[in-house]
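Listed here are the chains, written in short residue letters.
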Amino acid sequence: MSPDECQILISMVVATIGRSTELNLLFRSVVNQNCSDIEIIVVDQNGDDRLEPVLAEHRGKLRLVHLRTLQQGVCRARNLGASRATGDWLLFPDDDCWYPKDFLQRLRTRLAWDDADFVAGRAADESGRDIMGAFERRPARIVARNVWTTMIEWVFCVRRRAFEKAGGFDERIGPGAGTRWGAYEVQDLALSLLETGARGAYDPALYGHHPEDSGDRTTDANIAKIRTYSGGLGYIVRKHRYSPAFFVTKLLRPVAGMVVYSLLGRPRMAYRSSQILAGRWDGWRKR
């Protein structure tokens, strides 16, 4: 690794609540990469000491900072962690994600030669197959029209000064925010960054791993969750002044789902599509 690459320090900010041993996967994946210039800031939103055994196991192997807060909301926690970061770059792992063994080396190399203010990658399983969404297949500059296919929260690295200039994460969005806008917080941040003049780059060679959700998508809890997530999309489309024509394209897919699933005799999936439609419309209208 070149001296220029070694000078780059990345602060990983991990917001966590309700989990403990899951963090072992993340910590071990960083330990295995032998990166002494990485700090991990754990923003602990639990009301108990469940993380202590996990943190104790990895102290001495990793540069760990443990912050405690009872404030809810993943974006509040990320902003708090970012405010204590010392690195030039910020990365925001999920508390149940992990990275391939060459991830940080690839990321450092990209940051060393690219002039971008933020860099994003994709979600993949351990074979490299896309999960949790459809992503661009080729490297690209990130612009407003492609933030939907170049972003995942835990493969998103941003210059700390650019993050601060953009105002950080919108704390009204995301899991735990207490609003109807339950997702797409990283797309919102990317759009805010672009609006300040920051430059973004997407590289499909950068990817991280995450458990796939293989549960029943038609349970009441899952449908309620997807409606809240859909509200986040509508909110962001309105907040960042996308055209009505663009928003209509985001409404047509769930409409098509309602029709197709009804014809296939799958009423719960048709209902799920109707809730995606309602969530997107509600997020746009309430914004």
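Scroll up to find the structure this text is about.
What counts and how
- Residues numbered from 1 in each chain as written.
- Predicted model: local features only at pLDDT ≥ 70, side-chain atom pairs only at ≥ 80, totals over all residues.
- Heavy atoms only, no water.
- Helix = DSSP H or I, 4+ residues; strand = E, 2+ residues; numbered from the N terminus.
- Rg over C-alpha atoms; globule rule 2.2 N^0.38 Å.
- Buried < 20%, exposed > 50% of the residue type's maximum accessible area, 1.4 Å probe, protein only.
- Salt bridge = Lys/Arg side-chain N within 4 Å of Asp/Glu carboxyl O.
- Patch = residues over 30% accessible without salt bridge, like charges linked within 9 Å, V, L, I, M, F, W, Y side chains within 5 Å.
- Areas by Shrake-Rupley, 256 points an atom, 1.4 Å probe, with all protein chains shown as cover.
- Phe/Tyr/Trp six-rings, centres within 6.5 Å; stacked < 30°, edge-to-face > 60°.
- Pairing = 2+ DSSP bridges.
- Right-handed = clockwise from strand over helix to strand, strands pointing away.
- Axes fitted to C-alpha atoms, helices over the stretch in contact; angles between N-to-C directions.
- Parallel < 35°, antiparallel > 145°, perpendicular 65-115°, else oblique.
- Left-handed = near helix turned anticlockwise from the far one by under 90°.
- Contact = heavy atoms within 4.5 Å.
- Nonpolar A, V, L, I, M, F, W, Y, C, P; charged D, E, K, R; others polar.

## Considering the overall build of the chain
Here's step 1: Within the chain, the secondary structure is distributed over ten helices and eight strands.
Here's step 2: Computed over the C-alpha atoms, the radius of gyration of the chain is 19 Å, within 12% of the 19 Å expected from 2.2 N^0.38 for a compact globule of 287 residues.
Here's step 3: On the principal axes, the C-alpha backbone points of the chain span a range of 60 × 40 × 35 Å.
Here's step 4: Looking at the chain as a whole, 55% of its 287 residues are labelled buried.

## What about the pattern of salt bridges?
Here's step 1: Here the structure, examined in full by the defined rule, presents 30 salt bridges.
Here's step 2: A single salt-bridge network, built from bridges that share partners, covers Arg110, Asp114, Asp115, Arg141, Arg199 and Asp203.

## Remarks on a nonpolar patch on the surface
Here's step 1: Residues Val255, Val259, Val260, Leu263 and Leu264 make up a contiguous nonpolar surface patch of roughly 480 Å² in combined accessible area.
Here's step 2: Locating Val260 in the fold gives a position in helix α9 (residues 244-263).

## Things to note about the packing of aromatic side chains
For any pair of aromatic rings, geometry is given as the distance between the ring centres together with the angle between the planes.
Here's step 1: Under the defined criterion, the tally for this structure stands at twelve aromatic pairs.
Here's step 2: Here Phe92 and Phe169 contribute two aromatic rings whose centre-to-centre distance is 5.0 Å and whose plane-to-plane angle is 85°, an arrangement assigned as edge-to-face. Note that Phe92 is positioned in the loop between β4 (89-91) and α5 (103-113) and Phe169 in the loop between α6 (160-165) and α7 (185-195), a separation of 77 residues in sequence. Across this residue pair, the class does not change: Phe92 and Phe169 are buried.

## Quick notes on the pairing of strand β3 (residues 63-68)
Here's step 1: Two strands pair when backbone bridges link them, and strand β2 (residues 38-44) and β3 are joined in this way by six bridges, in the parallel orientation. Bridge pairing in β3 places Glu39 opposite Arg63.
Here's step 2: Where the polypeptide runs from β2 across helix α3 (residues 52-58) and back to β3, its parallel neighbour, the crossover connection is right-handed.

## Examining the sheet that holds strand β6 (residues 140-142)
Here's step 1: Here we have eight strands laid out as an open sheet, ordered β3-β2-β1-β4-β7-β5-β8-β6, and mixed in their pairing. The two strands at the open ends of the sheet, each matched to only one other strand, are β3 and β6. Taking the axes of each pair of neighbouring strands and ignoring which way they run, one obtains an average angle of 30° across the sheet.
Here's step 2: In the sheet, strand β5 (residues 118-123) pairs with strand β7 (residues 156-159) via three bridges, with the strands oriented antiparallel. Residue pairing for β7: Val119 is matched across the bridge by Cys157.

## Structural notes on the environment of Pro175
Here's step 1: Summarising the element assignment, Pro175 is placed in the loop between α6 and α7.
Here's step 2: A C-alpha to C-alpha distance of 8.8 Å links Pro175 and Gln72, two positions 103 residues apart in sequence.

## Things to note about the packing of α9 against helix α10 (residues 267-286)
Here's step 1: For the pair α9 and α10, the least separation of the axes is 7 Å and the interaxial angle reads 160°. On the basis of their axis angle, the class for α9 and α10 is roughly antiparallel. Of the two possible hands of crossing, α9 and α10 adopt the one that is left-handed. From α9, Phe247, Lys250, Leu251, Pro254, Val255, Gly257, Met258, Tyr261 and Ser262 reach across to α10, where they touch Met269, Ala270, Ser273, Ser274, Ile276, Leu277, Arg280, Trp281 and Trp284.
Here's step 2: A breakdown of the residues in the contact of α9 with α10 according to their chemical character gives twelve nonpolar, four polar and two charged.

## Here's the deal with α7
Here's step 1: Of all eleven residues that make up α7, nine are buried, and the element is covered over most of its length.
Here's step 2: Of the positions making up α7, those classed as buried are Glu185, Val186, Gln187, Asp188, Leu189, Ala190, Leu191, Ser192 and Leu193.
Here's step 3: Residues of α7 that are buried sit in contact with α4 (74-83), β5, β7, α6 and α8 (220-239).
Here's step 4: A positive backbone phi angle near 95° is found at Gly197, which sits one or two residues after α7.

Everything listed here is a matter of geometry and, on its own, says nothing about what the molecule does.
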